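If you want the building blocks of each chain, they are given just below.
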Amino acid sequence: MVLPKLLDRPGQSWSWRYKLMQLSCAVSDVWRDKPERVKLWEAAHQFDYWVAFPGNRQEPINQKAEKLQRLGDYCSAANRPIRGHHLFRCHHQENWGWHVARAEKLAAALPQAVAWDVVHEMYCRRRWIDVEDWAVKGFDVASAINPDGRFFVSEYRPQNRERLQWVIQLCEWCLDRGLPLAGVSIQLHSHLLSFQPWQLDAVAARLQPLKERGLEFQCFEVVSYMRVGPRRPIPPNAEHMQAQRYRTYRRFAEAIGASAFGPWNMWDGAGTHPQDGQPSLAGLWREDWTEKPAHKVFFPSG
């Protein structure tokens, strides 16, 4: 099974995908036996493509695998294609055997996955990890685990010229050596008051050579935190600023012909800010489940 391309709905030229990440794994645990669980799944079913996140870094691998298996069962029952997030996580420096054992458990727990990120957020770790060696071994292991899968390089902050150039060169290196690279997962993160404008057309043009070589682009982790820190007040027009940020990201996804586009957070009642652990307020629905302006970015005709 290959990763599905856009499944256009009647009257829409762009079909939005939803990335079900940490929230998806928490649905069956954090929200167990709570009324919010029903609302969460009702909202999730408005999207037609889900992505499974293995969970937090401290969680034991067997517990991660159990959650992924439950999520895969949910997706199968809902008749939704599902994509894995990172098959390998390089934030730690365990030996390669540890990474292989982890990847095998995750893949076995989610056999429905049609794709995985193999080289995940390596730019910041390139100084102490041989990324090219990692890619060769990672794609080899991923192909053995899931011969029919599609495998991606994932990175964030494409507006950073040096980072983007590094990603482009890595992808070209992989393609030149015949590694089974299917595409690039582009993560779009920002804080509401720290966003630096960037030239969408220029970034899209720099990615064009990869597109011409057959690579697919997906835009995930689309997020703009309204809460920007413990001592920074939320501006009165924050929701409209957030929606405008998401429109910028949407225009970028359209400019590069991305096959998938999805938010990190769905609901303001879940999802926390990485700095202070408080609600991130980055969702499409407010805590009372009323729609925010950002909702229209993902559901323009809804």
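Preceding this section is the structure that the text describes.
Everything quoted here is computed from the prediction, not taken from an experiment. (Residues numbered from 1 in each chain as written. Predicted model: local features only at pLDDT ≥ 70, side-chain atom pairs only at ≥ 80, totals over all residues. Heavy atoms only, no water.)

A tally of helices and strands in the protein yields nine helices and seven strands. For the protein, buried positions account for 56% of its 302 residues. Here the protein has roughly 13300 Å² of accessible surface; of this, 49% comes from carbon and sulfur atoms. (Helix = DSSP H or I, 4+ residues; strand = E, 2+ residues; numbered from the N terminus. Buried < 20%, exposed > 50% of the residue type's maximum accessible area, 1.4 Å probe, protein only. Areas by Shrake-Rupley, 256 points an atom, 1.4 Å probe, with all protein chains shown as cover.)

Grouped together as the largest cluster of nonpolar side chains are 82 residues, with contacts concentrated most on Val119, Leu207, Tyr246 and Phe252. Filtering out sequence-adjacent residues up to four positions away, Val119 remains in contact with Val131, Trp134, Ala135, Phe139, Phe152, Val153, Ser154 and Leu170. Val51, Val114, Phe220 and Ala260 belong to the second largest nonpolar core, which has five residues in total. (Core = buried A, V, L, I, M, F, W, Y, C linked by side-chain atoms within 4.5 Å. Contact = heavy atoms within 4.5 Å.)

Quick look at unusual backbone geometry now. Positive phi outside glycine occurs at Glu221, with the angle close to 50°. Inspection of the secondary structure assignment puts Glu221 in strand E6 (residues 216-225). Residue classification places Glu221 among the buried positions, given a relative accessible area of 2%. At Trp289, a residue that is not glycine, the phi angle is positive and equals roughly 70°. Inspection of the secondary structure puts Trp289 in the loop between strand E7 (260-263) and helix H9 (293-298).

Another point: the pairing of E6. Counting buried positions over the 10 residues of E6 gives 10, a clear majority of the element. Pairing between strand E5 (residues 181-191) and E6: eight bridges, direction parallel. Within the sheet, the bridge partner assigned to Ile186 lies in E6 and is Cys219. Direction of pairing for E6 relative to E7: parallel, over a ladder of three bridges. (Pairing = 2+ DSSP bridges.)

Between helix H3 (residues 61-78) and helix H4 (residues 96-109), the least distance of the axes is 8 Å, while the angle of their chain directions is 20°. Relative to H4, the element H3 is oriented roughly parallel. The two elements H3 and H4 cross, and the hand of that crossing is right-handed. Residues Ile61, Asn62, Lys64, Ala65, Leu68 and Gln69 of H3 form the contact with H4, whose participating residues are Arg102, Lys105, Leu106 and Ala109. When its residues are assigned to classes, the contact of H3 with H4 shows five nonpolar, two polar and three charged. (Axes fitted to C-alpha atoms, helices over the stretch in contact; angles between N-to-C directions. Parallel < 35°, antiparallel > 145°, perpendicular 65-115°, else oblique. Left-handed = near helix turned anticlockwise from the far one by under 90°. Nonpolar A, V, L, I, M, F, W, Y, C, P; charged D, E, K, R; others polar.)

Within the structure shown, the criterion is met by nine salt bridges. Among the salt bridges present, the one from Arg286 reaches Glu239, with a minimum N-O distance of 2.9 Å. Taken together, the residues span a long stretch of sequence, with Arg286 in the loop between E7 and H9 and Glu239 in helix H8 (residues 238-255) at a distance of 47 residues. For Glu254, the salt bridge is made with Arg250, and the minimal N-O distance between the two is 3.4 Å. Highlighted residues: Glu254 and Arg250, both in helix H8, separated by four residues, approximately one helical turn. You can call Arg250 partly exposed: its relative accessible area is 21%. (Salt bridge = Lys/Arg side-chain N within 4 Å of Asp/Glu carboxyl O.)

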